[in-house]
Amino acid sequence: MAGATPTVGELFRARARIQKTLPAIEHQGRQISYGELLDRVERLTSVLAGHGLVRGDRIALLSRNRPEYLEVELAAANLASSPRA
């Protein structure tokens, strides 16, 4: 959709493709690069979609402040839209 406001998922993917080697997250002394995070997010997006989730579905997550929380948030933001019957 031309002129549409980019989604969180689109903004993240664009940043990750430009800055693949830069650190995106630092947690407990471990750095995760944008490229690594993008790979993890894309795999999780595929898993969620494989379970039938689409943009707009609700996902419950109970987590401490960890990198995996951000991965789930970004994977959910990457889900494609699908019309409901």
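This write-up is about the structure you can find in this document. Source: prediction; values computed, not measured.

1. Thoughts on the overall build of the protein chain
Counting its secondary structure elements, the protein chain contains three helices and two strands. Across the protein chain, helices and strands are ordered from the amino to the carboxyl terminus as α-β-β-α-α. When its C-alpha atoms are laid out on the principal axes, the protein chain stretches across 45 × 35 × 20 Å. Across the 85 residues in the protein chain, those meeting the buried criterion constitute 26%. Within the protein chain, residue pairs in contact and separated by at least 24 positions form 57% of the contacts whose partners lie at least 6 positions apart. Element-wise, carbon and sulfur atoms account for 52% of the exposed surface of the protein chain, whose accessible area totals about 6,300 Å². When the 12 positive and 9 negative side-chain charges of the protein chain are each reduced to one mean point, those points stand 2 Å apart.

2. Things to note about the nonpolar core
Formed by Phe12, Ala16, Ile25, Ile32, Tyr34, Leu37, Leu38, Val41, Leu48, Leu74, Ala75 and Leu79, the largest nonpolar core amounts to twelve residues. Mapped by element, the contributors of at least two residues to this core are α1 (8-18), α2 (34-50) and α3 (67-78). A total of five residues in this core trace back to one element, the largest contributor, which is α2. The contacts of Ala75, once residues within four sequence positions are left out, are Val41, Leu44, Thr45 and Leu48.

3. Here's the deal with α2
Between its first and last C-alpha, α2 extends 24 Å over 17 residues, near the 24 Å set by a 1.5 Å rise per residue. If you check which residues of α2 are buried, you get Tyr34, Gly35, Leu37, Leu38, Val41, Thr45 and Leu48. Burial along α2 is one-sided: seen end-on, the buried residues are contained in an arc of 150°. α2 presents Arg43, Ser46 and Gly50 as exposed residues on the side facing more than 90 degrees away from its buried surface. Just beyond α2, the residue with positive phi is Gly52, at close to 90°.

Procedures and definitions
- Residues numbered from 1 in each chain as written.
- Predicted model: local features only at pLDDT ≥ 70, side-chain atom pairs only at ≥ 80, totals over all residues.
- Heavy atoms only, no water.
- Helix = DSSP H or I, 4+ residues; strand = E, 2+ residues; numbered from the N terminus.
- Buried < 20%, exposed > 50% of the residue type's maximum accessible area, 1.4 Å probe, protein only.
- Contact = heavy atoms within 4.5 Å.
- Areas by Shrake-Rupley, 256 points an atom, 1.4 Å probe, with all protein chains shown as cover.
- Lys, Arg positive; Asp, Glu negative; His and termini not counted.
- Charge placed at Lys NZ, Arg CZ, Asp CG, Glu CD.
- Core = buried A, V, L, I, M, F, W, Y, C linked by side-chain atoms within 4.5 Å.
- Expected span 1.5 Å × (residues − 1).
- Arc of directions from axis to C-beta.

So yeah, pure geometry; function would need other evidence.
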